[in-house]
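Residue-level structural notes
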Amino acid sequence: MEQLFLIAHVAGRAVAIAAEQVESVVDVGVIVAVPRAGGHVRGLTALRSRVVTVIDTIAALGMAAPEREPGRAVITRVDGHHYALLVDSLDDVAPFELQPIAQGVALSGAWAAAARGLIQRDGEPILAIDLIALVPGQPAQSQQAA
Amino acid sequence: MDDLLQEFIAETRETLEALSGEIVAWEANPADRARLDAIFRFVHTVKGSCGFLDLPRLARLSHAAEDVLAAVREGKRTPDRGLVNAVLAVVDRVGEIVEAIDAGSALDDTGEDLLIAALAEGSDEVATGASSAVQRAPTRSVRLNVDLLDRMMSGMSDMVLARNELSRRLRGAEVDPTIEAALERMSATVADLRDTVTRTRMQKIDALFSALPRMVRDTAAGLGKSVTLHVEGAEVELDREMIEVLRDPLVHIVRNSIDHGIEDPTARRAAGKRENGRLTVSARQSGNQIIVEVADDGRGIDSERLVRKAIEAGRDERMLRSLSERQKLQLVFEPGLSSKDEVTEISGRGVGMDVVRAAIEQIGGRVELDSAPGRGLRIQIHVPLTLSIIPTIVVAAGGQRFAVPRQAIEEIVSERSEAIRIDHLGMAEIATVRERRLPLVTLASQLEIGTTSSGDTMLAIVNVGEGSYALRVEDVLDNEELVIKPAAPAVMATGLYAGQTLPDSGSPMLLLDCAGIARDAGLNFVREAIVDEDEDQAGGESGITALVFGDLDGVRRAVPLALLDRIEQVEADAIRFAAGRLRLTIDGRIVPLVARGDLNGRGVCSILRLKDGSTEIAYAIAEAADIVTLPHDVIHAETPGAVAAVVLVDDEPVELVDAHWLFATHAHGDADSAAEQRPLCLLSCDEAGWMRNFVQPMLEGAGYRVADRPEPGMLPDVVLTLDDDPATLPDAAPLVRLSSRRGPGEDGSIYRYDRVSLLQAVAGAARRK
């Protein structure tokens, strides 16, 4: 069964994101830092009247983030909070069939946690990732004291 | 009161609708405990609300039904067909009366005695409510889906941001004045609209607190206790949903405090306490929560008694005995357990607290108890801060802006001020502000966004409940009311922030959690707090804290801080000379304004909002200077007037404003402010309550103060008695005798319904005094 995927580029690699996880795609403006917030939180930004938490996707995937101005982002909503996950660029949205990852492919750390499968675009395999796995500090893991 | 009544009607109607299913189910299976509890809670809530709204008929019905249901719950009665029918008839009747109240139509009360009689044990009377054809009046409120309101609110914020953007762009260019005027008009409309839209969702918690004084007074009077109520933080705004959910629990808790917690005057005296019980109800925002606290200085919860009750109810004794003190206290939340032995009309069937907890937990909150046996009980309701408007101070640190809840800030001082001393203790810093030594935390270093060197910086003295500390910031920028929303878990996990907000600038801002910052900085306030409190109280009695300000005429004056509600900036055009005096329009009300100098030519004006509890006046000033504790040496004014005395503050003379004169001269409703001067009537020996119900309102309307029982130290001006009163009377006061018989009595008594003679006699007696 085919489903819609958004193809994006993160850290120079193509990734596929299930369209149902994507609320919108935006250009991120000014980011206000959140001092001392770990978990790859780049800061807060205003999206019209909403405050969204900006996630450094590359850092969340365990890679060194290049020093450059954030540009585009994918907006997703987790537990009532909106997050903007920074991406390098966006290609298009198209229906693909989700396939299991080929055996023997060694995904490391954060990539393994986020990977959901593979899709094929014109013969090119693209890793499908789960945005929610990249959002830090889900309530279950949160240490926020009452 | 009308609002409350409307709410009560809407609420009862809704509960009844929801309950109709439960009633049918209970009828089918009277042994069903859950259904029984639901119906029981309904009548209990109705009873509570009625006492408070003064609806005696409903109160009587619901009290009777509650008695019977309580007996069923305790297993003393079995719910047979007759009992179920009788209860259902009462519930139906409650619905009819509520509809009648709403429609403003009369509903005759025949048959209500029958309904109540049918509840009695062994009664086989078949009671049916008079079949009603009560017209349901159209309600003046509608219920909306919260999502819709949220969409409206976010649309509104978008509009504000768009307007800001537009005006920013126009500011740079040469603009046609007509366009500017149009923009101006749009701005005003947008501001108005935003206010309205915000109000659809948010409400000051005052909506909850405003009914308390009356309720506390009535409840306390009904129990022969005397209770002083303190309300704090009424300006905190909350989601309406939360306010609605909090209403009943708060009423239950307050009633419980007065009924169970606060002892009667004799017992209090014996325990070495003031006769007046003290009840404090406060709301504050703390971290990502709103805390509503009810604290009394009564006897606290007797955990031993709770355990005994639980054992009587058939619980395992060994298990109960092994509970910790804290766990024992939690027993108060168990259905059917009450710490008090006798049952009163106010509360006391152990229904309150389980309902309270269920309601609070439903909205993701929790209830905390802190009982000090013999000294009092503090109940805290923590509710999550989903959305709230909080007055904040915006500060800068490390080049970034942060909001700090204004409630947490005691004062802000410039570090350059001579009254401040900064010392290093090892790696820590302490600030000494007017003899007070406070730990110092530098916000920028704590947040790891650079360091702020001492010098040209500001210190915000922050109180976090357990203690205070000084927070060093680079600048204090603004004073704003902000809509606070919870931040993402990853942000909250730092423990440093209480939420996020989007001010009109369009750039997100974080709200600091002052308690979290203190924790993070390793500040430890544990024991000091209690000492502090005691000192505060002692200090409060020995010296008056006052705000020193520069008045419009250039003179430095001071006003007691207790009187000051807040300082506010107002546009000069909100001040008008109308109906013979200066008046200020603020918060949709008109408040008399006192100005001791020329207001002309001022664009924006600082005003002090002064309150004596009931009335408010505004006082225009040039600028606020400092908060000081007034010295004991005061030189009183030669003649009564606006200035009561002169004191020396920092070697400079400061005139102390005469608050009494100010309110006596300027406040609306002079009668109220002169309450103490009105003659006091004592209604003696009023067992049947006739005097309280019939005479008291009439006397109060005629401008007297009325007491219905003598208290030590009370000096009544007139004492009223009815018929042959055996009570010993304070012999100092003139007596007015009332008689139930028509015609003049041989002892000079007056027929009790002879209004004119009665008032004349009281007035004459009061003059004689």
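Up top is the structure these notes are about.
What this report covers is the structure whose coordinates are included nearby. (Residues numbered from 1 in each chain as written. Chains lettered and ligands numbered in written order. Predicted model: local features only at pLDDT ≥ 70, side-chain atom pairs only at ≥ 80, totals over all residues. Heavy atoms only, no water.)

**Here's the deal with the overall build of chain A**
Broken down by element type, chain A carries 2 helices and 10 strands. Listing every helix and strand of chain A by position from the N terminus yields β-β-β-β-β-α-β-β-β-α-β-β. A buried classification covers 47% of the 146 residues belonging to chain A. Put simply, 54% of the contacts in chain A that link residues at least 6 apart link residues at least 24 apart. Carbon and sulfur atoms provide 50% of the accessible area of chain A, an area that totals close to 7200 Å². (Helix = DSSP H or I, 4+ residues; strand = E, 2+ residues; numbered from the N terminus. Buried < 20%, exposed > 50% of the residue type's maximum accessible area, 1.4 Å probe, protein only. Contact = heavy atoms within 4.5 Å. Areas by Shrake-Rupley, 256 points an atom, 1.4 Å probe, with all protein chains shown as cover.)

**Some thoughts on the sheet that holds strand β4 (residues 277-286) of chain B**
All names here are of chain B. Pairing within the open sheet is mixed, and its 5 strands lie in the order β2-β4-β5-β7-β6. Pairing within the sheet leaves two strands with one partner each, and these edge strands are β2 (227-232) and β6 (366-372). Ignoring strand direction, the axes of neighbouring strands in this sheet form an average angle of 15°. When β6 meets strand β7 (residues 376-384), the two strands line up antiparallel, connected through 7 bridges. Pairing of Asp-370 across the sheet is with Arg-378, part of β7. Strands β2 and β4 of the sheet are contacted by helix α9 (residues 212-223), whose axis makes an angle of about 160° with β2. (Pairing = 2+ DSSP bridges. Axes fitted to C-alpha atoms, helices over the stretch in contact; angles between N-to-C directions.)

**Examining the packing of aromatic side chains**
All names here are of chain B. For the structure shown, the criterion picks out 1 aromatic pair over all chains. Residues Phe-549 and Tyr-619 carry aromatic rings whose centres are separated by 5.5 Å and whose planes lie at 70° to one another, so their mutual orientation is edge-to-face. Residue Phe-549 is found in strand β19 (residues 545-551), and its partner Tyr-619 is found in strand β26 (residues 616-629); the two are separated by 70 residues along the sequence. Look at Tyr-619 and you get buried, because its relative accessible area is 1%. (Phe/Tyr/Trp six-rings, centres within 6.5 Å; stacked < 30°, edge-to-face > 60°.)

**Details of the pairing of strand β14 (residues 458-463) of chain B**
Residue and element names in this part refer to chain B. Relative to β14, strand β10 (residues 409-414) runs antiparallel, the two sharing 5 bridges. Each bridged residue has a counterpart across the sheet, and for Val-413 the counterpart in β14 is Leu-459. Direction of pairing for β14 relative to strand β15 (residues 468-473): antiparallel, over a ladder of 6 bridges. Bridge pairing in β15 links Ala-460 to Leu-471.

**So, the packing of helix α3 (residues 56-73) of chain B against helix α4 (residues 81-103) of chain B**
Residue and element names in this part refer to chain B. Between α3 and α4, whose axes approach to 10 Å, the crossing angle comes to 155°. Classed by the angle they form, the pair α3 and α4 counts as roughly antiparallel. In this structure, the crossing between α3 and α4 has a hand that is left-handed. Each of Arg-57, Leu-58, Leu-61, Ala-65, Val-68, Leu-69 and Val-72 in α3 lies in contact with α4, whose residues at this interface are Leu-83, Val-87, Val-90, Arg-93, Val-94, Ile-97, Val-98 and Ile-101. Taken together, the residues of the contact of α3 with α4 break down into 13 nonpolar, no polar and 2 charged. (Parallel < 35°, antiparallel > 145°, perpendicular 65-115°, else oblique. Left-handed = near helix turned anticlockwise from the far one by under 90°. Nonpolar A, V, L, I, M, F, W, Y, C, P; charged D, E, K, R; others polar.)

**Description of the environment of A:Val25**
Residues and elements named next belong to chain A. When you line up the elements, Val-25 lands in strand β3 (residues 24-27). A residue is classified by how much of its surface remains accessible, and Val-25, at 33% relative accessible area, is partly exposed. Considered as a pair, Val-25 and Ile-75 are 50 residues apart in the sequence and their alpha carbons are 5.9 Å apart. Residues within four places of Val-25 in sequence aside, it is in contact with Leu-6, Arg-72, Ala-73 and Leu-90.

**Considering the pattern of salt bridges**
Residue and element names in this part refer to chain A. A complete count under the given rule lists 34 salt bridges over all chains for this structure. With a closest N to O distance of 3.1 Å, Asp-56 and Arg-42 form a salt bridge. Of this pair, Asp-56 sits in the loop between β5 (50-55) and α1 (57-60) while Arg-42 sits in strand β4 (residues 41-47), placing them 14 residues apart in sequence. By relative accessible area, which is 9% here, Asp-56 ends up buried. Residue classification places Arg-42 among the partly exposed residues on the basis of a relative accessible area of 32%. Salt bridges sharing partners connect three or more residues here, namely Asp-91, Asp-92, Arg-121 and Glu-124. (Salt bridge = Lys/Arg side-chain N within 4 Å of Asp/Glu carboxyl O.)

**Observations regarding the sheet that holds strand β12 (residues 428-433) of chain B**
Residue and element names in this part refer to chain B. Taken together, 6 strands build an open sheet; the order of strands is β10-β14-β15-β13-β12-β11 and the sheet is mixed. Both edges of this open sheet fall to β10 and β11 (420-425), since each of them pairs with a single strand only. Averaged over neighbouring strand pairs, the angle between their axes works out to 30° when direction is ignored.

**Focus: the interface of chain B and chain A**
Taken together, the contacts link 32 residues of chain B with 22 residues of chain A. Taken together, the two surfaces of chain B and chain A that pack against each other cover about 2300 Å², and 62% of this comes from carbon and sulfur. It is B:Pro489, B:Ala490 and B:Pro508 that lose the most area in chain B upon contact with chain A, and together they represent 24% of the buried surface on that side. The tally of links from chain B across to chain A stands at 2 salt bridges. There are 4 residue pairs in polar contact (both at pLDDT 80 or more) connecting chain B and chain A. Of all elements in the fold, only α6 (146-172), β9 (400-405), α17 (489-492) and β17 (497-501) of chain B reach the threshold of two or more residues within the side of chain B that touches chain A. Here the side of chain B that touches chain A is built from residues that sort into 17 nonpolar, 11 polar and 4 charged. (Buried area = accessible area lost by both parts, 1.4 Å probe. Polar contact = N/O pair within 3.5 Å; in protein donor to acceptor, adjacent residues only side chain to side chain.)

Purely geometric stuff here, so don't read any function into it on its own.
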